[in-house]
Amino acid sequence: MASFKTILADVGNGLKKFFGVATTVAQDVEPLVDIAFPGFAALYNSAVAEAVKAEALAIAAGNQSGTGA
């Protein structure tokens, strides 16, 4: 039986892959949203920017060393 830590690590790795692909797709769609939904574009673009920022911070946090478990 897998340990709880292993299960959490597997879930985290799955989410990391999903959000990596999702943010890439969201950034690729930004120009289309700008054209198709001009009233919604500013909100969409800022939400995508915040998601990309959050992903970058999570990656940076995962790459830290010497902070313990």
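All values derive from a computational prediction rather than experimental measurement. (Residues numbered from 1 in each chain as written. Predicted model: local features only at pLDDT ≥ 70, side-chain atom pairs only at ≥ 80, totals over all residues. Heavy atoms only, no water.)

### Focus: the overall build of the protein
Per the secondary structure count, the protein includes 2 helices and 0 strands. Within the protein, the fraction of its 69 residues that count as buried is 10%. (Helix = DSSP H or I, 4+ residues; strand = E, 2+ residues; numbered from the N terminus. Buried < 20%, exposed > 50% of the residue type's maximum accessible area, 1.4 Å probe, protein only.)

### Some thoughts on helix H1 (residues 4-36)
Taking 1.5 Å per residue, 33 residues should reach 48 Å; H1 reaches 45 Å between its end C-alpha atoms and fits that length. Taking the largest bend as the criterion, H1 deviates by roughly 40 degrees, centred on Glu30, and proline Pro31 comes between one and four positions later. All of the buried residues along H1 are Thr23, Ala26, Glu30 and Val33. Of the surrounding secondary structure, the elements contacted by the buried residues of H1 are helix H2 (38-63). (Expected span 1.5 Å × (residues − 1). Bend = angle between axes of the 7 residues up to and from the residue. Contact = heavy atoms within 4.5 Å.)

### Some thoughts on the packing of aromatic side chains
What the rule picks out here adds up to 2 aromatic pairs. On the basis of an interplanar angle of 70 degrees and a centroid distance of 5.0 Å, the ring pair of Phe18 and Phe19 is categorised as edge-to-face. Judged by its relative accessible area of 45%, Phe19 is partly exposed. Ring centres of Phe40 and Tyr44 lie 6.2 Å apart, and the angle between their planes is 45 degrees; this geometry places the pair in the tilted category. With Phe40 and Tyr44 both in helix H2 and 4 residues apart, the pair spans about one turn of that helix. (Phe/Tyr/Trp six-rings, centres within 6.5 Å; stacked < 30°, edge-to-face > 60°.)

### Points about the nonpolar core
If you look at the biggest cluster of nonpolar residues, it comprises 5 residues: Ala26, Val33, Ala41, Tyr44 and Val48. Of the residues forming this core, the biggest block, 3 residues, is contributed by H2. (Core = buried A, V, L, I, M, F, W, Y, C linked by side-chain atoms within 4.5 Å.)

### A few points about the pattern of salt bridges
In the structure shown here, the tally under the stated rule is 1 salt bridge. The partner of Glu50 in a salt bridge is Lys53, and the shortest N-O contact between them spans 3.0 Å. Of this pair, Glu50 and Lys53 both sit in helix H2, separated by 3 residues, roughly a single helical turn. Assessed through its relative accessible area of 47%, Glu50 is described here as partly exposed. (Salt bridge = Lys/Arg side-chain N within 4 Å of Asp/Glu carboxyl O.)

### A look at the side chain of Thr23
Locating Thr23 in the fold gives a position in helix H1. Of the residues examined, Thr23 reaches a relative accessible area of 11% and is grouped as buried. Only 3.2 Å separates the side chain of Thr23 from the backbone oxygen of Gly20, close enough to count as a polar contact. In this structure, Thr23 is in contact with Ala51, Val52 and Glu55, ignoring residues within four places of it in sequence. (Polar contact = N/O pair within 3.5 Å; in protein donor to acceptor, adjacent residues only side chain to side chain.)

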